[in-house]
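Breakdown of the fold
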Amino acid sequence: MTDTRENWSARSGFIIAAIGSAVGLGNIWRFPYVAYENGGGAFLIPYLVAIFAAGLPLLFLDYAVGHKFRKAPPTAYKKLMNAESLGWWQVMVTLMIGIYYASVLSWAGSYMFYSFGQQWGADTQAFFFNTYLQNGEGLSLGFVPTLFWGLVCVWVAVMLILYGGVRRGVELANKIFMPLLVILFSILVIQAVRLPGAVDGLNAFFTPNWEAMGNYKVWLAAFGHIFFSLSVGFGIMLTYASYLKRKTNLTGSGVVVALANSSFEILAGIGVFAALGFMAFSSGAKVEDVVSGGIGLAFIAFPKIISSLGAGGDLFGFLFFASLTVAGITSMVSILQVPIAAFQDKLGWSHKKSVSIIAGGSAVISTLMFSTHSAITFVDIIDYFANNIGIVGGGLVSIILVSWLRRPLLKQLQAHINQYASIQLGASWNFLLTIVTPVSLLVALGLTINSIISEGYGGYPAHILWIVGGGTLAFFVVGAIALSLLKDRHPEEK
């Protein structure tokens with residue numbers, strides 16, 4: 001067999017791309033809110049524990065499998081332990097995430113331009129839901145032109161990067177966008193901490209609530225956030241590691257990626273809460289009264305902050321939404337690289353054919369679904385099911401298969417990763433992967449499923465929740481089974 005697989009130009013290219021994948025939209029709007037809701041400064045302790053007890057062990061497992069077999073998840077898991085369907089489950093998860101992620105990315109891109117002149121007006125909530133999204137009741141599939149053209153722009157940009165391949169596309173884009181993101185967000189943070197009331201916001205973010213550390217939900221939130229934040233357990237890091245050269249220090253790379261990701265999250269928390277402190281100061285309210293999570297923070301609260309700054313808010317708003325857009329592009333590229341590589345491995349497609357079919361097909365589905373009056377309903381429900389069941393379930397099964405049912409494989413992977421590692425993996429890695437990581441994932445998955453069954457999610461009617469959420473899970477299951485039954489074609493193997 002001739003190894004014709006693409007490679008990163010150097011380990012630094014891989015590290016930058018891996019950081020680009022880990023640092024996404026969620027770091028900027030999700031982490032600050034999760035930290036605040038779960039004990040503020042005290043949350044940083046379970047958060048750091050989660051990085052070293054679960055995030056890094058699973059990251060190293062992903063690196064070891066991808067690097068050893070130099071394939072995307074389906075073929076890598078097939079070679080490792082004849083579990084190709086597990087790999088296809090992870091591919092289906094990334095496909096679905098890519099399809100809805102483009103929607104949120106297009107909103108951020110649109111708001112970059114709405115920042116000039118603060119076109120959202122005084123009622124930012126009404127503008128976002130009624131004017132921009134044109135949100136409808138129930139499942140309303142009417143066409144919204146502004147959403148359509150935003151999605152077209154996002155997909156054109158992402159596909160152009162993907163057509164460039166690993167070195168000239170993914171790696172080059174990250175080398176441009178990641179420094180740009182750091183510059184943009186650093187300016188934003190400097191602007192934010194100089195605002196009146198910023199100190200109050202930072203106190204709310206960093207003041208520790210030690211009682212919260214006794215609540216198991218805080219620890220689950222920390223562990224859950226780390227899996228999503230580091231892009232582990234659903235094929236991205238496994239695929240990226242498959243493009244590394246054979247003699248590579250995997251553990252050193254992993255530590256750099258984890259620390260860079262966490263540093264950016266804390267920087268995001270400083271910027272976001274300094275701005276929220278200013279918003280509270282301007283409105284005469286308490287910080288906790290102006291804090292909102294997720295989409296509400298990005299597209300409702302932040303435009304209010306920007307408007308409070310007067311004419312100077314235009315630049316502030318542009319910087320914030322440009323940061324969201326740049327972070328989103330690097331993450332979306334990494335998400336789509338997983339199914340693209342998987343179909344190349346399975347069917348022997350050329351890179352351009354795989355990009356055209358997989359990314360092109362995803363673009364069509366994405367623009368049809370998310371150019372409708374139900375765009376935000378689709379995003380919210382699919383995001384919840386994909387992250388809390390799709391990612392956690394795939395990561396959990398991969399760990400159980402390796403660390404519980406086929407222990408010798410864990411030893412093989414450990415030996416492989418230790419060949420050129422600056423940090424040697426030993427008994428502690430084995431213990432974490434055997435006990436701590438799977439138990440935390442198992443508990444999180446169990447509580448999520450129980451919550452959905454007993455309480456539903458987001459106040460949605462049961463029929464909508466099960467059409468969209470159930471359809472998402474069916475997509476994962478059917479895709480994983482059907483694709484694992486396809487016959488392999490490996491033209492590069494002689």
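In this report, the structure presented in the accompanying data block is examined. (Residues numbered from 1 in each chain as written. Predicted model: local features only at pLDDT ≥ 70, side-chain atom pairs only at ≥ 80, totals over all residues. Heavy atoms only, no water.)

With respect to the overall build of the chain
For clarity, the threshold we go by: By definition, any uninterrupted DSSP run of H or I lasting at least four residues is a helix, any uninterrupted run of E lasting at least two residues is a strand, and each is numbered from the N terminus. With the radius of gyration taken over C-alpha atoms, the globule rule is written as 2.2 Å times the number of residues to the power 0.38. When a residue's accessible area, from a 1.4 Å probe over protein chains only, is under 20% of the maximum for its type it is buried; when over 50% it is exposed; and in between it is partly exposed. Contacts were defined at the residue level, with two residues in contact if any of their heavy atoms lie within 4.5 Å. Under the convention used here, a 1.4 Å probe and the Shrake-Rupley method define accessible areas, while residue burial counts only the protein chains that appear. In summary, the charge assignment counts Lys and Arg as positive and Asp and Glu as negative, without counting His or the chain termini. Here the site of a charge means atom NZ of a Lys, CZ of an Arg, CG of an Asp or CD of a Glu.
Summing up its helical and strand segments, the chain has 20 helices and 0 strands in all. A globule of 494 residues ought to have a C-alpha radius of gyration of about 23 Å, and the chain, at 22 Å, matches this closely. A buried classification covers 62% of the 494 residues belonging to the chain. Look at the contacts in the chain between residues 6 or more apart in sequence, and 84% of them connect residues 24 or more apart. Summed over all atoms, the accessible surface of the chain reaches about 18200 Å², with 65% contributed by carbon and sulfur. Across the chain, 27 positive and 21 negative side-chain charges occur, with their mean positions spaced 17 Å apart.

Digging into unusual backbone geometry
In the Ramachandran plot, R70 falls in the positive-phi region, its phi being about 55° despite a non-glycine side chain. Within the element layout of this structure, R70 appears in the loop between α3 (44–69) and α4 (73–81). Judged by relative accessible area, R70 falls into the buried class, the value being 7%.

A word on the packing of aromatic side chains
Stated formally: For Phe, Tyr and Trp, rings pair up if their centres lie within 6.5 Å, where Trp contributes its six-membered ring, and each pair is then called stacked (planes under 30 degrees apart), edge-to-face (over 60) or tilted (otherwise). We call a charge positioned over a ring when the NZ of a Lys or the CZ of an Arg lies within 6 Å of the ring centre and within 35 degrees of the ring normal.
Per the stated rule, a full pass over the model turns up 43 aromatic pairs. Measuring from ring centre to ring centre gives 5.1 Å for F205 and F273, while their planes differ by 15°; the resulting arrangement is stacked. Of the two residues, F205 sits in helix α9 (residues 198–206) while F273 sits in helix α12 (residues 250–283), which places them 68 residues apart along the sequence. Neither F205 nor F273 differs from the other in exposure class; each is buried. One residue, K68, lies across the ring of F69, its end atom 5.7 Å from the ring centre.

So, the nonpolar core
What counts, and what does not: Residues enter a nonpolar core if they are buried and are Ala, Val, Leu, Ile, Met, Phe, Trp, Tyr or Cys, with the set joined through side-chain atoms within 4.5 Å.
In terms of nonpolar packing, the biggest core is built from 186 residues, with Y63, W107, F128 and F299 touching the most fellow members. Tallying contributions element by element places helix α5 (residues 84–114) first for this core, with 20 residues. Beyond its immediate chain neighbours, meaning those up to four positions away, F128 contacts W107, Y111, L133, I295, F299, I300 and I376.

A short note on the pattern of salt bridges
The following threshold applies: In what follows, salt bridge is the name for a side-chain nitrogen of Lys or Arg lying within 4 Å of a carboxyl oxygen of Asp or Glu.
On inspection of all chains with the given rule, the structure shows 5 salt bridges. The residue K175 makes a salt bridge to E171 at a minimum N-O spacing of 3.0 Å. Of this pair, K175 and E171 both sit in helix α8 (residues 165–193), 4 residues apart, roughly one helical turn. Residue class for K175 comes out partly exposed when judged on its relative accessible area of 36%. E171 sits in the buried class, given a relative accessible area of 2%.

Bear in mind that shape data such as this cannot, by itself, settle questions of function.
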